Amino acid sequence: MEETKKLTPAEYADLFNRRIPRNSVEGVCGRFIRGVRQEDFTFLSDEPGKLLSWICTAELLQPLLGLRPAEAMVRYVGFSLNWMKGRLTDGTDHKLVLFPDSAATLATWENIIAFVEREYPATVFERLRPNLDAVKMADYKRLSQGDAKKRGFLEISELPVAVKYGLGDGQKPHPDFITPSRLLAGDGSVLEARAFFDHTIGCNQHFTGTGRSPTGQREYFTKNRKISDIDGAVVVDLVVTREELLELEAEADRNY
């Protein structure tokens, strides 16, 4: 019988690197990160001003054991093959940060709102406060599509970080991207409050606020911080090859 004791991050990393499957995983969570420079791997999330990071729980990490990195990332984490192939050409490296699940917080509306109140300036929370009940009940997609000037709100989270934040020379942040400063300068509407939770926090149109995804998987987050400051953290290098991606593409074509 397979032992069900909690795994340490180092133990999970060893199983992952040796592609050893396991029917049960407990005690560990993680986050997939990527970058082209060494400094891109300093924090759990490298977006400017990002205070919260979404993480994979043991429930999501368990089926990754026994798989190659690209296979795990495409089949279970949600990266598309086309996106992965594009990253081969721009020098992107991929890593999996593993740490004890004691750092994880269930992603309910109550916990997300408490995080914003605790971690963001009081002015930001006071701007959100009048709309919080409405935000939790809102149909974000319908709300956005009902405003012709703000239909682009739903598309922001799909854009590259450089486009959202205007990181290139002479570039400006995307005009529909609701940062804390734009929230404070905005119209105070429910839609802008909901867009803040999408663009700045990461609660997109599929976020249920119940602690579970639309497919029933538990969702967790943690405070964004330096990886070196996380007790017990282990970083796994994920080597992705063109040959592996071509094999996955051929398999997808066969199953189409």
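This is a predicted model, so every value here is computed, not measured.

What counts and how
- Residues numbered from 1 in each chain as written.
- Predicted model: local features only at pLDDT ≥ 70, side-chain atom pairs only at ≥ 80, totals over all residues.
- Heavy atoms only, no water.
- Phe/Tyr/Trp six-rings, centres within 6.5 Å; stacked < 30°, edge-to-face > 60°.
- Helix = DSSP H or I, 4+ residues; strand = E, 2+ residues; numbered from the N terminus.
- Buried < 20%, exposed > 50% of the residue type's maximum accessible area, 1.4 Å probe, protein only.
- Lys NZ or Arg CZ within 6 Å of the ring centre and 35° of its normal.
- Polar contact = N/O pair within 3.5 Å; in protein donor to acceptor, adjacent residues only side chain to side chain.
- Axes fitted to C-alpha atoms, helices over the stretch in contact; angles between N-to-C directions.
- Parallel < 35°, antiparallel > 145°, perpendicular 65-115°, else oblique.
- Contact = heavy atoms within 4.5 Å.

Caption draft 1: Fine view of the packing of aromatic side chains. Under the definition given, this model contains 10 aromatic pairs. Relative to Phe16, the ring of Tyr12 lies with its centre 6.4 Å away and its plane at 25°, an arrangement referred to as stacked. Note that Tyr12 and Phe16 are positioned in helix α1 (residues 9-17) at a spacing of four residues, about one turn of the helix. The same class applies to Tyr12 as to Phe16, namely buried. What links up through ring pairs into an aromatic cluster is the set Trp54, Trp109, Phe115, Tyr120, Phe196, Phe197, Phe207 and Phe221. Arg87 extends its terminal NZ or CZ atom over the ring of Trp83, reaching a point 5.0 Å from the ring centre. The aromatic ring of Phe41 is capped on one face by Lys95, whose charged end is 4.9 Å from the ring centroid.

Caption draft 2: Quick look at the side chain of Arg31. Note that Arg31 resides in strand β1 (residues 28-35). At 2.8 Å, the side chain of Arg31 and the backbone oxygen of Leu44 are in polar contact. A polar atom in the side chain of Arg31 sits 3.2 Å from the side chain of Ser45.

Caption draft 3: Spotlight on the packing of helix α5 (residues 109-119) against helix α11 (residues 190-201). Their axes nearest at 13 Å, the elements α5 and α11 cross at an angle of 75°. Looking at the two axes, α5 sits roughly perpendicular to α11. Contact residues: Trp109, Ile112, Ile113 and Val116 in α5; Arg194, Phe196, Phe197 and Ile201 in α11.

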